[in-house]
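Chain and residue survey
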Amino acid sequence: MLWNEITIHTSEEAVEMISNFLHEAGAGGVSIEESGSLNKPRDTSYGQWYDRPLNDIPEGQAIIKGYFAEEVDMDSIRSQIEPRVEQLRTFDIDPGEVKYELKTVNEDDWANAWKQYFKPLRVSDRLTIKPTWEDYEPASEDEKIIELDPGMAFGTGTHPTTSLCLRTLESVIKGGEEVIDVGTGSGILAIGAVKLGAKHVLALDLDPVAVSSARENTRLNGLEERITIKESDLLSVLNASDPTLGIQLPVKLVVANILAEIILLFIDDVYKALEPGGTYIASGIWKNKEEVVETALKAAGFEIAEIRRDEDWLAFVARKR
Ligand SMILES: C[S@@+](CC[C@H](N)C(=O)[O-])C[C@H]1O[C@@H](n2cnc3c(N)ncnc32)[C@H](O)[C@@H]1O
């Protein structure tokens, strides 16, 4: 099958917003290559091993590719995306000097090409992410394996925000918690949380591709009884008093690995969903948004227990007073 490929050269800072624009325009898949995830010195403090090649993407820049069905009019897609990318500048996100390329490709070229770079990855003391197509033996009984085939959803664990969240979950989860994972993508954080001892996770995503990927990964890990996955715009699903959510409100822990601009939209809703003393791990925050997110968390009634960092990204560990 043939697909239309649009390539957008931009900054690392704009990657998540632009990939959302591509999804919203109907992309059947989005791939991202950042200088940050490939070229920087890598953290090996947890024994992580990396098998991704270096590339020649300049520091701070990224290449995003979106794939659309052969019959889609790509000029119209480009004219939808371009003004939205330019508008990012007014939100203080600099997409840099943006370049666009269009071409037609064969499905096999893009659907499987990334798999050769995705290898077992020890992300924390106790968690290892294992692609379903790789063989891997845990080094000890304490090592928990997350089986993963992310498909086209975000969340392989190689992005600093995902590994930062998994390490933070490892230090926060004591066992028996009910958890909400907002923007679950491949379901990686929900699966990690259960493997670390959480009792049940409600995993939410707006993107139907992510919802089906999270369902498949939950099944691959045999956790269908302990993870409930719903399509939802942020926490809107909680308003419907749906009896099939698998958790009881308020919960002890909420984790969200979404861009700061989106985190800012639902801090009050997270506050309401948490029990007093409950924890909010708010991640996906680029360093230039630290102050604005910290101010908003405090204004909502949270106290900041900790700020964790990886490369230029950070995660807040906030406690409901
Ligand atoms: C950066 S990815 C994180 C994926 C995964 N949790 C991880 O840590 O790797 C952000 C996810 O948030 C989802 N998302 C974006 N806006 C959302 C919204 N308004 N409501 C729910 N999910 C949303 C995206 O579809 C995407 O899967």
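Residues numbered from 1 in each chain as written. Predicted model: local features only at pLDDT ≥ 70, side-chain atom pairs only at ≥ 80, totals over all residues.

So, on to the UniProt feature "binding site: S-adenosyl-L-methionine" (unreviewed entry) in the protein. The sites that UniProt annotates as "binding site: S-adenosyl-L-methionine" (unreviewed entry) are Thr162, Gly183, Asp205 and Asn257. The topology assignment puts Asn257 in strand S11 (residues 251-257). Its 29 C-beta neighbours within 10 Å are what place Asn257 among the buried residues. (UniProt positions renumbered as here; feature names shortened; annotations may be inferred. Helix = DSSP H or I, 4+ residues; strand = E, 2+ residues; numbered from the N terminus. Buried ≥ 20, exposed ≤ 12 C-beta atoms within 10 Å, placed from the backbone.)

Ordered by their spatial adjacency, 7 strands build an open sheet running S10-S9-S8-S11-S12-S14-S13, and the pairing between neighbours is mixed. At either end of the open sheet lies a strand with only one pairing partner, and these are strand S10 (227-231) and strand S13 (302-310). On average, adjacent strands in this sheet sit at an angle of 15° to one another, irrespective of strand direction. Judged from the 8 bridges that link them, S13 and strand S14 (residues 313-320) form a sheet pairing that is antiparallel. Each residue of the ladder has a partner; that of Ile304, found in S14, is Ala318. Here helix H7 (residues 208-220) sits on the sheet and contacts strand S9 (200-205) and S10; the angle it forms with S10, its principal contact strand, is near 165°. (Pairing = 2+ DSSP bridges. Axes fitted to C-alpha atoms, helices over the stretch in contact; angles between N-to-C directions. Contact = placed C-beta atoms within 7 Å.)

Quick look at the pairing of S9 now. Buried residues dominate S9, accounting for 6 of its 6 residues. Of the two faces of S9, the one holding His200, Leu202 and Leu204 and the one holding Val201, Ala203 and Asp205 are both buried throughout. Two strands pair when backbone bridges link them, and strand S8 (residues 178-182) and S9 are joined in this way by 5 bridges, in the parallel orientation. Among the inter-strand pairings, Glu178 is bridged to a residue of S9, identified as His200.

The biggest cluster of nonpolar side chains holds 60 residues, and the ones touching the most others in it are Leu169, Ala193, Val254 and Ala282. In terms of nonpolar packing, the next biggest core, distinct from the first, is built from 18 residues, Ile8, Ile18, Ala27 and Ile81 among them. (Core = buried A, V, L, I, M, F, W, Y, C linked by C-beta atoms within 7 Å.)

What follows covers the sheet that holds strand S7 (residues 144-148). Taken in spatial order, the 3 strands make up an open sheet running S5-S6-S7, and their pairing is mixed. The open sheet has two free edges, formed respectively by strand S5 (121-122) and S7, since each of these has just one partner strand. Note: S5 against strand S6 (residues 127-131), 2 bridges, orientation antiparallel. Looking at S6, one finds that Arg122 is bridged to Thr128. Its contacts with the sheet put helix H6 (residues 188-195) on S6 and S7, and the angle it makes with S7 is roughly 155°.

On to the confidence of the model for the protein, then. Here the protein averages 88 in pLDDT, and 89% of its residues register 70 or above. In the model output, the complex is listed with pTM 0.75 alongside ipTM 0.99. (pLDDT = per-residue confidence, 0-100.)

The geometry of helix H1 (residues 15-24) relative to helix H3 (residues 74-87) is characterised by a closest axis approach of 10 Å and an angle of 155° between their N-to-C directions. With respect to their mutual orientation, H1 and H3 come out roughly antiparallel. Classified by chirality, the crossing of H3 by H1 is right-handed. Across from Ile18, Phe21 and Leu22 in H1, the residues of H3 making contact are Ile81, Arg84 and Val85. (Parallel < 35°, antiparallel > 145°, perpendicular 65-115°, else oblique. Left-handed = near helix turned anticlockwise from the far one by under 90°.)

One can describe the packing of helix H5 (residues 160-172) onto H6 by two numbers: an axis separation of 10 Å at closest approach and a directional angle of 20°. Looking at the two axes, H5 sits roughly parallel to H6. Helix-helix and strand crossings are classified by hand; for H5 and H6 the assignment is right-handed. Of the residues in H6, those touching H5 at Thr162, Cys165, Leu166 and Leu169 are Ile188, Leu189, Gly192 and Ala193. Along the lines of polarity and charge, the residues of the contact of H5 with H6 split into 6 nonpolar, 2 polar and no charged. (Nonpolar A, V, L, I, M, F, W, Y, C, P; charged D, E, K, R; others polar.)

Most of S6 sits out of view: 4 of its 5 residues are buried. Hairpin remark: S5 followed by S6, antiparallel, with 4 residues in the connecting loop. Strand direction decides the pairing type here: S6 and S7, joined by 5 bridges, are parallel. Bridging across to S7, Thr128 finds its partner in Ile145.

For the rest of this paragraph, the subject is the environment of Thr218. Considering the arrangement of structural elements, one finds Thr218 in helix H7. The class of Thr218 is buried, set by 25 C-beta atoms lying within 10 Å. Each C-alpha atom, one on Thr218 and one on Ile262, is 25 Å from the other, the two residues being 44 residues apart in sequence. What Thr218 contacts, discounting residues up to four positions off in sequence, is Gly187, Ile191, Leu223, Glu224, Ile227 and Ile229.

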